[in-house]
Amino acid sequence: MKTQSNSLFNKMSNEQISELTNVVKETMAAGFYQPEAKIFTAADLWNIQRNGVRRMQRRSSF
């Protein structure tokens, strides 16, 4: 079986393909507030590991 097909692009001209693949610079809206990234702490890791143990216990209890 073919893993690649060019039949979708045969119907389009080179100009149309280049127009579709142009990179557009992204900008944020004026007044957009982005809070600071949360710092990953040891407590976060501990909670992830604790929840994983609980999930495994539930699976094996059936």
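Read on for a plain summary of the structure. (Residues numbered from 1 in each chain as written. Predicted model: local features only at pLDDT ≥ 70, side-chain atom pairs only at ≥ 80, totals over all residues. Heavy atoms only, no water.)

**Description of the overall build of the protein chain**
Counting secondary structure elements, the protein chain contains three helices and zero strands. Written out in order from the N terminus, the α and β elements of the protein chain read α-α-α. When burial is assessed residue by residue, the protein chain has 0% of its 62 residues classed as buried. Carbon and sulfur atoms provide 57% of the accessible area of the protein chain, an area that totals close to 6,900 Å². (Helix = DSSP H or I, 4+ residues; strand = E, 2+ residues; numbered from the N terminus. Buried < 20%, exposed > 50% of the residue type's maximum accessible area, 1.4 Å probe, protein only. Areas by Shrake-Rupley, 256 points an atom, 1.4 Å probe, with all protein chains shown as cover.)

**Brief notes about the pattern of salt bridges**
Using the criterion set out here, one finds one salt bridge in the structure. The salt bridge partner of Lys38 is Asp44, with a shortest N-O separation of 2.9 Å. (Salt bridge = Lys/Arg side-chain N within 4 Å of Asp/Glu carboxyl O.)

**Comments concerning a nonpolar patch on the surface**
A cluster of nonpolar side chains, Phe40, Leu45 and Ile48, forms an exposed patch at the surface whose accessible area comes to about 310 Å². Along the polypeptide, Phe40 turns up in the loop between helix H2 (14-20) and helix H3 (42-60). Using a relative accessible area of 54% as the deciding quantity, one classes Phe40 as exposed. (Patch = residues over 30% accessible without salt bridge, like charges linked within 9 Å, V, L, I, M, F, W, Y side chains within 5 Å.)

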